[in-house]
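Breakdown of the fold
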Amino acid sequence: MPTTLHLPLASPAPGTERHLTLHRFGKAGARPKAYFQAALHADELPGVLVLQHLIAALATAEREGRVTGEILIVPAANPIGLSQTVHGQLLGRYGLDASGNFNRGFPDLSDKLVEALRNRLGRDAAANAALVRTTLLGLLAEKKALGEAQQLRLTLMRLAIDADIALDLHCDDEAQMHIYAGPKLWPEISDLAALLGAAAVLLEEDSGGEPFDEALARPWWRLIDANQGAVLSAASMITGTLELRGRADIDDAQAQKDAQALLKFLIRRGVVAGDAGALPPLACAGTALDAVDFVKAPHAGLLVQKRSLGERVRTGDVVAEIFDPIAAPGTARTQLLARTDGVVFARSVPCLVRAGDRVMKIAGKEKLEQTDATLLGD
Ligand SMILES: [Zn+2]
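Because the structure is a prediction, the values reported are computed rather than measured.

Thresholds, definitions, all that
- Residues numbered from 1 in each chain as written.
- Predicted model: local features only at pLDDT ≥ 70, side-chain atom pairs only at ≥ 80, totals over all residues.
- Heavy atoms only, no water.
- Helix = DSSP H or I, 4+ residues; strand = E, 2+ residues; numbered from the N terminus.
- Rg over C-alpha atoms; globule rule 2.2 N^0.38 Å.
- Contact = heavy atoms within 4.5 Å.
- Lys, Arg positive; Asp, Glu negative; His and termini not counted.
- Charge placed at Lys NZ, Arg CZ, Asp CG, Glu CD.
- Core = buried A, V, L, I, M, F, W, Y, C linked by side-chain atoms within 4.5 Å.
- Buried < 20%, exposed > 50% of the residue type's maximum accessible area, 1.4 Å probe, protein only.
- Donors = N, O, S within 2.8 Å, 3.2 Å for Na, K, Ca; no water.
- Tetrahedral: all angles 85-135°; square planar, octahedral: opposite > 155°, others 65-115°.
- Salt bridge = Lys/Arg side-chain N within 4 Å of Asp/Glu carboxyl O.
- 1 Å grid on protein atoms, 1.4 Å probe; cavity = no way out; pocket = protein on both sides within 12 Å on 5 of 7 lines; lining within 4 Å.
- Points joined across faces, edges and corners; volume = space filled by probe spheres on them.
- Nonpolar A, V, L, I, M, F, W, Y, C, P; charged D, E, K, R; others polar.
- Domains from an automatic or database assignment.
- Axes fitted to C-alpha atoms, helices over the stretch in contact; angles between N-to-C directions.
- Parallel < 35°, antiparallel > 145°, perpendicular 65-115°, else oblique.
- Left-handed = near helix turned anticlockwise from the far one by under 90°.
- Buried area = accessible area lost by both parts, 1.4 Å probe.

**Some points on the overall build of the protein**
- Assigned secondary structure in the protein consists of eight helices and 22 strands.
- Since a compact globule built from 378 residues should have a radius of gyration of about 21 Å, the 21 Å found for the protein is in line with a globular shape.
- Contacts spanning at least 24 positions in sequence make up 72% of the contacts within the protein whose residues lie at least 6 apart.
- In the protein, 40 positive and 46 negative side-chain charges are present, and the distance between their average locations comes to 3 Å.

Structural data, given as structure tokens:
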């Protein structure tokens, strides 16, 4: 069985204290190191079930002596968000104390890493990677958290910053399986996409707002750009945000399959010994994130979806409609049109929307004009 640790968070108010629970498989310090967390957005829970199945599979692998690296699992990465039930609704994306989106605001260590390692990298790839990891751990140790949410961010980052693989499990509103990752990691992670049956892989170096996966990987990417002559590989830090379909897709059979896919990925990367079997065919190519059509509501009203998940659409197709319930009888609905040829991979549940709300995501091929402040949105 794994070693289980409870990491306390700063008390937000007298008489109240929360903690993070962490499971470790394999020996501390063994390589490669893999890190998984779920429910950083605390109301996105399919990943929690996937990690429960992965924990069971790893416990078996450990009993059989097959865990060769180190694996850390944080099955519920946001105890603050998990406690935010308001009038019967779990609201886990933003801190109710105004601390912001829980998957934004992770510290960007890029500049300091590039500065710290100027003229210090050599020709030995393994030595370079080890130096980057210890430097990043040192830079992170200098960061001081003020408040519970910021301490949560720093604690999660400290657990993952020196990993070889760090995957953050989220979900969308209604969606097919898809992945957010950096362009430097494609096609490196195409096997992960194939194993999970991803319908889209969205590639972007800086989606905005500093989400967890980019905060882990960007220091590597910047260092690679700044040291073209040195031996460095983006594959030294494989990160990604796995969007495990929709909020309501909490299903044991599917979660079991996803956990097996993650286990096979760990086997393929040498973290667990065993036979990963044949790789299934890849269901999609990598797509630049700015080629995604984020279909937005132009005004408030009731949203009526017109296209299903996985459906191929063409530019100009009507993909959804909105109507104002108190407009004059006979007033035409507003039609929302696709701006690209592509596949509908995510959409919001039909509901009352406000102007500017994202109601559908279509993975296209051509770069589109984007009007939001950041590609990920808020
Ligand atoms: Zn999320």
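**Concerning the nonpolar core**
- One finds Y35, F36, I71 and I179 to be the most contacted residues of the largest nonpolar core, which totals 89 residues.
- Considering each element in turn, this core owes the most residues, nine residues, to helix α1 (residues 46–63).
- When sequence neighbours within four positions are dropped, the list of residues in contact with I71 reads H23, R24, F25, A34, F36, L58, L266, V271 and V272.
- I322, V353, V359 and I362 belong to the second largest nonpolar core, which has 14 residues in total.

**A look at the coordination of the zinc ion**
- Taken together, H41 (ND1), E44 (OE), E44 (OE) and H170 (ND1) make up the protein donors of the zinc ion, found 2.1 to 2.6 Å from the metal.
- For the zinc ion, the four donor atoms in the first shell make angles of 53 to 142° at the metal, a pattern classed as irregular.
- Here the donor residues of the zinc ion are spaced in sequence according to H-x2-E-x125-H. One exposure class covers both H41 and E44, and it is buried.

**A word on the pattern of salt bridges**
- Under the counting rule described, the total for this entry stands at 30 salt bridges.
- With a shortest N-O distance of 3.6 Å, E44 and R93 are connected by a salt bridge. Placement of the pair is E44 in the loop between β3 (33–38) and α1 and R93 in the loop between β6 (89–90) and β7 (94–95), with a sequence separation of 49 residues.
- One salt bridge connects R218 with E214, and the closest N-O pair in it is separated by 2.5 Å. Separated by four residues within a single helix, R218 and E214 lie in helix α7 (residues 212–226), roughly one turn from each other.
- A residue is classified by how much of its surface remains accessible, and R218, at 6% relative accessible area, is buried.
- Among the residues examined, E214 registers a relative accessible area of 4% and is labelled buried.
- A cluster of three or more residues bridged by salt bridges with shared partners is formed by E188, D191, R268 and R269.

**As for the layout of surface pockets**
- Approximately 340 Å³ is the volume found for the second largest pocket.
- What lines the second largest pocket is a set of 17 residues, among which T287, R312, V343, A363 and K365 lie closest to the centre.
- Going through the elements one at a time, β14 (286–288) and β20 (342–347) are the ones with two or more residues in the lining of the second largest pocket.
- Looking at the lining of the second largest pocket, its residues break down into nine nonpolar, five polar and three charged.
- When we break the lining of the second largest pocket down by domain, the ones giving at least three residues each are domain 1 (3–284) and domain 2 (290–363).

**Digging into the packing of helix α4 (residues 125–141) against helix α5 (residues 148–160)**
- Close contact between α4 and α5 brings their axes to 10 Å; oriented N to C, the two are set at 165°. Considering the angle they form, α4 stands roughly antiparallel to α5. For the crossing formed where α4 meets α5, the hand is left-handed. When α4 is examined against α5, the residues L137, L140 and A141 are found in contact with a partner set consisting of L154, M157 and R158.
- Its residues assigned to classes, the contact of α4 with α5 shows five nonpolar, no polar and one charged.

**Comments concerning the domain arrangement of the protein**
- According to the domain assignment, the protein contains domain 1 (3–284) and domain 2 (290–363).
- A straight line from the C-alpha centre of domain 1 to that of domain 2 covers 32 Å.
- Contacts between the two partners involve nine residues from domain 1 and, on the opposite side, twelve residues from domain 2.
- The junction of domain 1 with domain 2 conceals about 910 Å² of combined surface from both sides, 54% of it contributed by carbon and sulfur atoms.
- Looking at the side of domain 1 facing domain 2, the largest losses of area belong to D173, E174 and Q176, adding up to 53% of the total buried there.
- The interface formed by domain 1 and domain 2 holds two salt bridges in total.
- A salt bridge links K361 to D172; its shortest N-O distance comes to 2.7 Å.
- Contributions of two or more residues to the side of domain 1 that touches domain 2 are made by β10 (174–175), β11 (178–181) and β12 (200–203).

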